[in-house]
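Fold and contact review
Below, each chain spelled out in residue letters.
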Amino acid sequence: MSPNTVGYLKAHAGNIGNERVDQLAKDATQHGQPYSLTKLPKPHIKGLLRKSMLEEWQTSWKNGDTGSKIYNIMPTVSLCPTSWIREDVIFFSQHGPFPAYFKRFHLSDSDYCSCGGIGTALHYATECIYIVSWHMRKPAPNFEQEWLKRVTDNLVSRHKIRGIVKFISENRDLFWPP
C-alpha cells in the first residue's frame, strides 16, 4: 500500500505502525490537548505528521544500535528512495559473502580470503588478486568513510561494487581458504 492510500488494517494484529498509532492515540486522549472544533486543512495536518515522523525516525536512526555502517554513509533519513540495489546493500553494510562477515558471526573459523588477505568488502574492492579487473584505489585508513561516501555517489564505482558482489556470490569456493 502506498503512503497516500487508505485501506483496512486489522487492529491489534502485530503491525508495528498500527500499534504505534494506537499508542499515540491513547497518549493523546490521556495527556493531549482537549478536542477542538477548529478544522485544520488536510495538507497542514499531513505536513505536521510527516515532520514529526521524520524527526522521530531520525532520532531512532542516530541513536540506534544497528546499521552503523550505513549510518556512517547516509546519516540523514529521507522519504526519497535510494537507487541502491541488493548488491549495494550487501557491500556497504558488509553483510554478505565475505569471510570477515562469517567469522564475525561465528559462521566460519577464518576471516581470510584464499589470497591471504582479510576477506572484507574493502579487500575485494581494492586488493584481492582474484578480482583485479574491478579494483579501485585503496583509501588511506583515516579516509575510509569518505571513500565509501564517494563510491555511493559515483555510478561507475557502484557498477564495480555490484560486479564484485555478484562475482563473489557466484564463486564463493574461490574465496574461501583451503
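Just so we're clear, the structure is a prediction, and the values are computed from it rather than from any experiment.

Counting its regular elements, the protein contains nine helices and zero strands. Each helix and strand of the protein, placed in order from N terminus to C terminus, yields the pattern α-α-α-α-α-α-α-α-α. Sorting the 178 residues of the protein into buried and exposed places 26% on the buried side. Partitioning the contacts of the protein with sequence separation of at least 6, the portion at a separation of at least 24 is 44%. With an accessible surface of roughly 12,900 Å², the protein has 57% of that area assigned to carbon and sulfur atoms.

Before going further, it helps to examine the side chain of Glu-87. Mapping Glu-87 onto the fold places it in helix α4 (residues 86-93). The buried charged residue Glu-87 lacks any salt bridge, with Arg-86 as its nearest oppositely charged partner at 4.3 Å. Other than its neighbours up to four places away in sequence, Glu-87 contacts Ile-161, Arg-162, Val-165 and Lys-166.

Okay, the nonpolar core next. Judged by nonpolar contacts, the single largest core of 25 residues is most densely connected at Phe-91, Phe-92, Phe-98, Tyr-124, Ala-125, Trp-147 and Phe-175. Elements with a minimum of two residues in this core: α3 (68-73), α4, α5 (99-104), α6 (121-126), α7 (144-153) and α8 (155-170). If we skip the residues at most four places from it in the chain, Trp-147 touches Phe-91, Leu-122, Ala-125, Thr-126, Met-136, Arg-137 and Pro-139.

So, on to the confidence of the model for the protein. When the pLDDT values of the protein are averaged, the result is 85; 89% of them are 70 or greater. When pLDDT is averaged over each element of the protein, α6 comes out on top at 94 and helix α1 (residues 16-31) at the bottom at 77.

Further remarks concern a nonpolar patch on the surface. A contiguous nonpolar patch, built from Leu-40, Ile-45, Leu-48 and Leu-49 and spanning about 360 Å² of accessible area, is present on the exposed surface. Mapped onto the fold, Leu-49 is located in helix α2 (residues 42-63).

A separate point is α7. If you check which residues of α7 are buried, you get Trp-147, Leu-148, Val-151 and Thr-152. Across the axial projection of α7, the buried residues extend over an arc of 135°, all falling on one side. Across α7 from its buried face, at more than 90 degrees, point the exposed residues Arg-150 and Asp-153. Lining the buried residues of α7 we find α3, α4, α6 and α8.

Scanning the entire structure with this criterion turns up seven aromatic pairs. An aromatic cluster is present here, built from Trp-84, Phe-91 and Phe-92 joined pairwise through their rings.

Turning to the pattern of salt bridges, a few remarks are in order. Within this structure, the stated rule accounts for five salt bridges. Among the salt bridges present, the one from Glu-127 reaches Lys-138, with a minimum N-O distance of 3.1 Å. In this pair, Glu-127 sits in the loop between α6 and α7 while Lys-138 sits in the loop between α6 and α7, placing the two residues 11 residues apart along the sequence. With relative accessibility at 45%, the residue Lys-138 sits in the partly exposed group. Counted as one network, the salt bridges with shared partners bring together Asp-88, Arg-158 and Arg-162.

Definitions and limits used
- Residues numbered from 1 in each chain as written.
- Predicted model: local features only at pLDDT ≥ 70, side-chain atom pairs only at ≥ 80, totals over all residues.
- Heavy atoms only, no water.
- Helix = DSSP H or I, 4+ residues; strand = E, 2+ residues; numbered from the N terminus.
- Buried < 20%, exposed > 50% of the residue type's maximum accessible area, 1.4 Å probe, protein only.
- Contact = heavy atoms within 4.5 Å.
- Areas by Shrake-Rupley, 256 points an atom, 1.4 Å probe, with all protein chains shown as cover.
- Lys, Arg positive; Asp, Glu negative; His and termini not counted.
- Salt bridge = Lys/Arg side-chain N within 4 Å of Asp/Glu carboxyl O.
- Core = buried A, V, L, I, M, F, W, Y, C linked by side-chain atoms within 4.5 Å.
- pLDDT = per-residue confidence, 0-100.
- Patch = residues over 30% accessible without salt bridge, like charges linked within 9 Å, V, L, I, M, F, W, Y side chains within 5 Å.
- Arc of directions from axis to C-beta.
- Phe/Tyr/Trp six-rings, centres within 6.5 Å; stacked < 30°, edge-to-face > 60°.

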